[in-house]
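Chain by chain, the residues run as shown.
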Amino acid sequence: MALIDDDFEVYNMQLNAMNMEIINEMNFENEGRRVLVQEDPFIVLSDRQFIGTYRLTKVLVQELTNLLTPFMKSPNTTAGLSIERKLLTALRFFASGSYQQDIGEHRGASVSQASVSRCITEVANALNVPEILNKYIHFPSSVSELKEVRLGFYEKFGIPGVIGVIDGTHIAIVPPNTDDLVYPEHVYVNRKGYHSINTQL
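Per chain, residue numbering runs from 1 following the sequence as it is written. Totals for whole chains, interfaces and linings use every residue, but because this is a predicted model, local features are given only for residues with pLDDT of at least 70 and side-chain atom pairs only at 80 or more, for both listing and counting. To get the side-chain values, all heavy atoms of the structure are used, and hydrogens and water are removed first.

Visitor: What exactly am I supposed to notice about the packing of helix 5 (residues 83-96) against helix 7 (residues 113-127) here?
Guide: When two helices pack together, you describe them by how their axes are tilted relative to each other and by the distance separating the axes. Helix axes are fitted to C-alpha atoms over the stretch in contact, other axes to C-alpha atoms as well, and angles between N-to-C directions run from 0 to 180 degrees. Runs of H or I in DSSP of at least four residues are treated as helices and runs of E of at least two as strands, each being numbered from the N terminus. It is the contact of helix 5 with helix 7, at a shortest axis distance of 8 Å, that shows an interaxial angle of 95 degrees. When the axis of helix 5 is compared with that of helix 7, the two are roughly perpendicular. Side by side, helix 5 and helix 7 meet where Lys 86, Leu 87, Thr 89, Ala 90, Phe 93 and Phe 94 of the first sit next to Val 116, Cys 119, Ile 120, Glu 122, Val 123 and Leu 127 of the second. Orientation is classified from the angle alone, with under 35 degrees giving roughly parallel, over 145 giving roughly antiparallel, 65 to 115 giving roughly perpendicular, and any other angle giving oblique. Contact criterion: two residues are considered in contact whenever any of their non-hydrogen atoms come within 4.5 Å of each other.

In structure tokens:
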């Protein structure tokens, strides 16, 4: 009986040693890496917070996901990013104009900077396919259309002569050299206090 107990104790010690070895290897491999935990923004954010983060409602993001799905790559592994997550990551970037790394570290994305870049590219490309672009972006192409649009703006907003509207966003940049006489650093500080270039989209 003592032999069985001793064998069991030796086996248990070997098993514990192996477990510690595996844990140490895992710690060594993960040393220096940050683990990013993703939360589902549809669940953890209130409607108001969601709009503040992505500039769209939850319903609109779901509709946009359905609209873009045929034009985006579905994940081919369980670890791949879903189309919804790619869209949310890109929308966060479009909404904030922040650095890609900051976007990736946001709790709704939790992806690397390289993944953020790929998400932005894929979503932008999907938004620019003719089936989507031409459905939602249309510039008047005839005199009668121009007159109709101009009249619509005037009736709705009281502004004469308007035939279209564009928007811009601040794209964050690395501050230029403070000694630069042609492009002085202070010119690039926006109203929110960070350096950016105002870009029309």
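From this point on, the discussion continues.
Visitor: Teacher, can you tell me more about the layout of surface pockets here?
Guide: Vacant regions in the atomic arrangement are exposed by a probe of water-molecule size rolled over the atoms. By volume, the second largest pocket amounts to about 250 Å³. Site definitions follow a grid-based scheme: protein atoms alone, a 1 Å grid, a 1.4 Å probe that fits but cannot get out for cavities, and for pockets an open set with protein on both sides within 12 Å along at least five of seven lines, plus lining residues having an atom within 4 Å of a point. Lys 73, Leu 81, Lys 86, Arg 118 and Glu 122 are, among the 13 residues lining the second largest pocket, the residues nearest its centre. Tallying contributions element by element places helix 7 first for the lining of the second largest pocket, with five residues. For the lining of the second largest pocket, a count of residues per class yields three nonpolar, six polar and four charged. Grid points are joined across faces, edges and corners, and a volume is the space filled by probe spheres set on the points. Classification used: nonpolar for Ala, Val, Leu, Ile, Met, Phe, Trp, Tyr, Cys and Pro, charged for Asp, Glu, Lys and Arg, polar for all others including Gly.

Visitor: Just to check I follow, could you spell out the confidence of the model for the chain for this structure?
Guide: One rule of thumb: low pLDDT means the predicted coordinates there are not for detailed reading. Per residue, pLDDT measures the predictor's confidence, with a range of 0 to 100. Residue-level pLDDT values for the chain average 80, and 73% of them are 70 or greater. At the level of individual helices and strands, the chain shows its lowest average pLDDT in helix 1 (residues 2-30), which scores 48, and its highest in helix 4 (residues 58-68), which scores 96. Contacts for the low-pLDDT stretch residues 1-5, under 50 throughout, to residues beyond four places or in other chains number zero contacts. Ignoring residues within four places in sequence, the model shows residues 15-29, a span with pLDDT below 50, making zero contacts including any to other chains.

Visitor: Could you clarify how one ought to interpret the pattern of salt bridges in this entry?
Guide: We count a salt bridge whenever a side-chain nitrogen from Lys or Arg sits within 4 Å of a carboxyl oxygen from Asp or Glu. Counting across every chain of the model gives two salt bridges. Its salt-bridge partner being Asp 47, residue Lys 58 comes within 3.5 Å of it at the nearest N-O pair. Of this pair, Lys 58 sits in helix 4 while Asp 47 is found in helix 3 (residues 47-54), placing the two residues 11 residues apart along the sequence. Each residue's exposure class comes from its accessible area (1.4 Å probe, protein chains only) as a fraction of the maximum for that residue type: buried when under 20%, exposed when over 50%, partly exposed otherwise. Judged by relative accessible area, Lys 58 falls into the buried class, the value being 17%.

Visitor: For this particular structure, what's the right way to read the environment of Val 162?
Guide: Summarising the element assignment, Val 162 is placed in the loop between helix 9 (143-157) and strand 1 (168-172). With 16 residues separating them along the chain, Val 162 and Leu 146 place their C-alpha atoms 9.1 Å apart. Residues contacting Val 162, with those up to four places away along its chain left out, are Val 149, Arg 150 and Phe 153.

Visitor: Looking at this structure, I do not really get helix 5. What am I missing?
Guide: Residues spaced three or four apart along an α-helix face the same direction, because each turn holds 3.6 residues. For helix 5, with 14 residues, the first-to-last C-alpha span of 20 Å sits near the 20 Å given by 1.5 Å per residue. Among the 14 residues of helix 5, 10 are classified as buried, and the element is accordingly described as predominantly covered. Taken residue by residue, helix 5 has Ile 83, Arg 85, Lys 86, Leu 87, Leu 88, Thr 89, Ala 90, Leu 91, Phe 93 and Ala 95 as its buried positions. Here the expected length of a helix is defined as 1.5 Å per residue gap, with one fewer gap than residues.

Visitor: Could you clarify how one ought to interpret helix 9 in this entry?
Guide: Here helix 9 is 15 residues long and its end C-alpha atoms lie 21 Å apart, about the 21 Å a rise of 1.5 Å per residue gives. Gly 158 lies just past helix 9 and shows a positive phi near 75 degrees.

Visitor: For this particular structure, what's the right way to read the packing of aromatic side chains?
Guide: Each aromatic ring pair is specified by the distance between its two centres and by the angle formed by the two planes. Classification of ring pairs uses Phe, Tyr and Trp, with its six-membered ring standing for Trp, and accepts pairs whose centres are within 6.5 Å; under 30 degrees between planes counts as stacked, over 60 as edge-to-face, and the remaining range as tilted. A complete count under the given rule lists four aromatic pairs for this structure. Centroid distance Phe 153 to Phe 157: 6.0 Å. Interplanar angle 35 degrees. Geometry classified as tilted. Separated by four residues within a single helix, Phe 153 and Phe 157 lie in helix 9, roughly one turn from each other.

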